Amino acid sequence: MIPAPFAYARPTTVDEALQAIADGGEDVKIMAGGQSLIPVMRLRLAAPETVVDLSKVAELRGVRDDGDAIVIGAMTTHHDVLVDPLIAQHAPLIAEATETVADRQVRARGTFGGALAHADPAGDLPAVALALDAEFVIAGPGGARRTVPAADFFVDYLTTALEEGELLVEIRVPKLAGEWGMHYEKFNRVAQAWSIVAVAAAVRREDGQIAEARIGLTNMGPTPLRARAAEAALAGAAASADAIAAAAQSAAEGTSPSSDLNGQADYRRHLAQVLTRRAVTAAAGL
Amino acid sequence: MTQINVRVDGVSNTDDVEPRTLLVHYLREQLGKVGTVVGCDTSNCGACTVHLDGAAVKSCTVLAVQADGGEVTTIEGIAQEGVLHPVQKAFHEMHGLQCGYCTPGMIMASIDLLKENPNPSETEVREGIEGNLCRCTGYQNIVRAVQQAAGEMAGSAPAAETTGAQS
Ligand SMILES: Cc1cc2nc3c(=O)[nH]c(=O)nc-3n(C[C@H](O)[C@H](O)[C@H](O)COP(=O)(O)OP(=O)(O)OC[C@H]3O[C@@H](n4cnc5c(N)ncnc54)[C@H](O)[C@@H]3O)c2cc1C
Ligand code: FES
Ligand code: FES
């Protein structure tokens, strides 16, 4: 199927984009890589009046070093994330998760910002952004900017803190101090890359102990979640297989996974425990 | 209607398209490039894969207006003066197809993979073409074909460059 008719704008700067969004009428859709939006428009699940295509807004692409954080432009493609040296150095978890996203064709066009703004519960990058305490820089009508922490950005199923007329500009990922290990552990069907459940773990080790663990859960509810109970159990625990296995048992606490063709809620809870154990074990370097 | 300028398989085109026209439909219906096929409605199958500005993309998931000012290569543009591209030749020789519907996309994805990784292992080939589904072959001979093509493309390059980037 082909999308319903729409008016098309292709701005070249953020200011032009904000103007095009403001001028676009009642139902405006921002298009980043189009890898979620075009399929949805083809199925006529979305039929916007205006599409504002960000693909020519060069200032939204690329990764830069900003002292205590790296800053990833919303339009940086999954492919460009995978080859970026700053991400490899400071946030390898992002690259590791991105590698599991879709396939090379989709990764050539799909973007980091688009995947986060889309906020699909089965998408891999929201849980990673949450685990890394990323911050979302958002531009609004007239160009005013605000910053939203990841914990407040993901509001509900396919719903973020982005308001009408706003645009996600960039994502700030704080650099972590100390010795951190990271790992993304994903469970999916072979012919479909979407996560049934996945776990993003970042672990700081100190003197044979786990000083701090951050655990993001993919597809364990309508939004990405932190496994707070498991994080608390790991803080100060021995960096041993037994201690990690014990802590991972609380990984599904406070989650509300759905039941669908890929698995029932109780199966997902089980997966969260198993995958948390594996992810933390790998991140702790065991 | 929006006017676009696109180079497709080495030929410049200026055309009017509706913004909602998918690149694959522009290629097939306006330019007659029917070598590129549509296999699904969900951006899953990869049958429609072409190269846009040097990268493999699913042409059912790109708008024709987004190719404005760009360069597209389809399965119809990779043979040189009647001589098959090494990947085309390898698919033929290794029986990398049965019904052939997935083949244009498989070949375009494989060329993209080999550009990045000229000597992929079996696993790397399987991961490299994970965005392309085949209902017939069971993939075995497709993987063999891609590896055979890799060998041939390496052999045809000057020895010093066989491990380097190759287009
Ligand atoms: C076959 C297939 C398999 C996939 N598998 C996976 C997978 O395994 N894991 C995974 O995580 N993802 C997967 N994806 C989705 C992929 O990661 C997409 O790239 C991503 O979800 C959307 O990114 P995009 O840049 O294409 O955004 P688009 O499709 O362009 O936009 C998505 C949504 O975000 C909004 N938006 C985009 N950018 C902005 C912005 N800057 N400001 C405000 N709003 C914005 C749009 O309005 C739209 O609602 C898959 C997609 C396909 C087609
Ligand atoms: S037709 Fe494009 S992915 Fe199936
Ligand atoms: S040969 Fe028939 S789908 Fe691949």
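This one's a predicted model, so the numbers in the text were calculated from it and none came from an experiment.

### Here we look at the overall build of chain B
Part 1: Looking only at helices and strands, chain B features five helices and five strands.
Part 2: Starting at the N terminus and ending at the C terminus, chain B contains elements arranged as β-β-α-β-β-β-α-α-α-α.
Part 3: For chain B, the spread of C-alpha atoms along the three principal axes comes to 50 × 35 × 25 Å.
Part 4: Residues classed as buried in chain B amount to 51% of the 167 residues present.
Part 5: Total accessible area computed for chain B in this model is approximately 7500 Å², and 47% of it derives from carbon and sulfur atoms.
Part 6: Here chain B holds 10 positive side-chain charges and 20 negative ones, and the gap between their average locations is 6 Å.

### Side note on the sheet that holds strand β13 (residues 209-218) of chain A
All names here are of chain A.
Part 1: Pairing within the open sheet is antiparallel, and its four strands lie in the order β11-β12-β13-β14. With one partner strand each, in any of the chains shown, β11 (180-188) and β14 (225-226) form the two edges of the open sheet.
Part 2: Helix α12 (residues 265-283) rests against β11, β12 (195-206) and β13 of the sheet, and its axis sits at about 35 degrees to β12.

### Regarding the pattern of salt bridges
A side chain of one charge can pair with a side chain of the opposite charge when the charged atoms of the two come close.
Part 1: For the structure shown, the criterion picks out 28 salt bridges over all chains.
Part 2: One salt bridge connects R64 of chain A with E170 of chain A, and the closest N-O pair in it is separated by 3.1 Å. Linking R64 of chain A in strand β4 (residues 63-65) with E170 of chain A in strand β10 (residues 167-174), this pair joins segments that are 106 residues apart in sequence.
Part 3: Notably, a salt bridge pairs E122 of chain B with R126 of chain B, separated by 3.0 Å at the nearest N-O pair. Separated by four residues within a single helix, E122 of chain B and R126 of chain B lie in helix α4 (residues 122-128), roughly one turn from each other.

### Thoughts on the packing of aromatic side chains
Residues and elements named next belong to chain A.
Part 1: Applying the stated criterion across every chain, the model contains three aromatic pairs over all chains.
Part 2: Measuring from ring centre to ring centre gives 5.1 Å for F153 and F154, while their planes differ by 90 degrees; the resulting arrangement is edge-to-face. You'll find F153 and F154 in the same group, each marked buried.
Part 3: Three or more aromatic residues joined by ring pairs form one cluster here, namely F136, F153 and F154.

### Focus on the confidence of the model for chain B
All names here are of chain B.
Part 1: Of all residues in chain B, 93% have pLDDT values of 70 or greater, and the mean over the chain is 93.
Part 2: Per-residue pLDDT stays below 50 along residues 158-167; that stretch engages in nine contacts with residues further than four places along the chain or on separate chains.
Part 3: The ipTM for the predicted assembly is 0.94, set against a pTM of 0.96.

### Thoughts on the domain arrangement of chain B
Residue and element names in this part refer to chain B.
Part 1: Annotation of chain B at the domain level lists domain 1 (2-77) and domain 2 (86-153).
Part 2: One C-alpha centre belongs to domain 1, the other to domain 2; they are set 21 Å apart.
Part 3: Summing the contributions of domain 1 and of domain 2, the shared interface buries around 1100 Å²; its carbon and sulfur component is 59%.
Part 4: On the domain 1 side of the contact with domain 2, T49, H51 and I75 bury the most area, a combined 40% of that side's loss.

### A few points about the environment of P39 of chain A
Part 1: With respect to the helices and strands, P39 of chain A occurs in helix α2 (residues 37-42).
Part 2: Residue P39 of chain A is classed as buried on the basis of its relative accessible area, which comes to 12%.
Part 3: For the pair P39 of chain A and D53 of chain A, spaced 14 residues apart in the sequence, the C-alpha separation amounts to 15 Å.
Part 4: For P39 of chain A, the contacting residues outside a window of four places in its chain are G34 of chain A together with S43 and T61 of chain B.

### Side note on the interface of chain B and chain A
Part 1: Of the residues lining the interface, 31 residues belong to chain B; the matching set on chain A comes to 29 residues.
Part 2: Taken together, the connections running from chain B to chain A amount to six salt bridges.
Part 3: Taking the shortest distance from any N to any O, the salt bridge between K58 of chain B and D103 of chain A comes out at 2.8 Å.

### Regarding the domain arrangement of chain A
All names here are of chain A.
Part 1: Taken domain by domain, chain A holds domain 1 (7-53), domain 2 (65-174) and domain 3 (179-283).
Part 2: Computed from C-alpha atoms alone, the centre-to-centre distance between domain 2 and domain 3 is 20 Å.
Part 3: Counting from both sides, the interface comprises 25 residues of domain 2 and, opposite them, 22 residues of domain 3.
Part 4: Summed over both partners, the interface of domain 2 with domain 3 comes to about 1900 Å²; 64% of that surface belongs to carbon and sulfur atoms.
Part 5: In this assembly, domain 2 and domain 3 are joined by three salt bridges.
Part 6: Here K186 ties to D124 by a salt bridge, and the two come within 2.7 Å at their closest N and O atoms.
Part 7: Taken together, the links from domain 2 to domain 3 amount to 11 residue pairs in polar contact (both at pLDDT 80 or more).
Part 8: Listing elements by their share of the side of domain 2 that touches domain 3, those giving two or more residues are α5 (92-99), α8 (125-131) and β8 (154-156).
Part 9: In terms of residue class, the side of domain 2 that touches domain 3 is built from 17 nonpolar, three polar and five charged.

### What about the pairing of strand β3 (residues 49-52) of chain B?
Along any regular strand, the residues point their side chains to alternate faces of the sheet.
Residue and element names in this part refer to chain B.
Part 1: In β3, alternate side chains face the same way, and those of T49 and H51 on one face and V50 and L52 on the other are all buried.
Part 2: Of the strand pairs in this sheet, β3 and strand β4 (residues 55-58) are connected by four bridges, and their pairing is antiparallel. The residue bridging H51 from the neighbouring strand is A56, located in β4.
Part 3: In this structure, the hairpin formed by β3 and β4 is closed by a connection of two residues, where D53 is found at a positive phi of approximately 50 degrees.
Part 4: Here β3 runs beside strand β5 (residues 71-73); their pairing, made up of two bridges, is antiparallel. Bridging across to β5, H51 finds its partner in T73.

Definitions and limits used
Residues numbered from 1 in each chain as written. Chains lettered and ligands numbered in written order. Predicted model: local features only at pLDDT ≥ 70, side-chain atom pairs only at ≥ 80, totals over all residues. Heavy atoms only, no water. Helix = DSSP H or I, 4+ residues; strand = E, 2+ residues; numbered from the N terminus. Buried < 20%, exposed > 50% of the residue type's maximum accessible area, 1.4 Å probe, protein only. Areas by Shrake-Rupley, 256 points an atom, 1.4 Å probe, with all protein chains shown as cover. Lys, Arg positive; Asp, Glu negative; His and termini not counted. Charge placed at Lys NZ, Arg CZ, Asp CG, Glu CD. Pairing = 2+ DSSP bridges. Contact = heavy atoms within 4.5 Å. Axes fitted to C-alpha atoms, helices over the stretch in contact; angles between N-to-C directions. Salt bridge = Lys/Arg side-chain N within 4 Å of Asp/Glu carboxyl O. Phe/Tyr/Trp six-rings, centres within 6.5 Å; stacked < 30°, edge-to-face > 60°. pLDDT = per-residue confidence, 0-100. Domains from an automatic or database assignment. Buried area = accessible area lost by both parts, 1.4 Å probe. Polar contact = N/O pair within 3.5 Å; in protein donor to acceptor, adjacent residues only side chain to side chain. Nonpolar A, V, L, I, M, F, W, Y, C, P; charged D, E, K, R; others polar.

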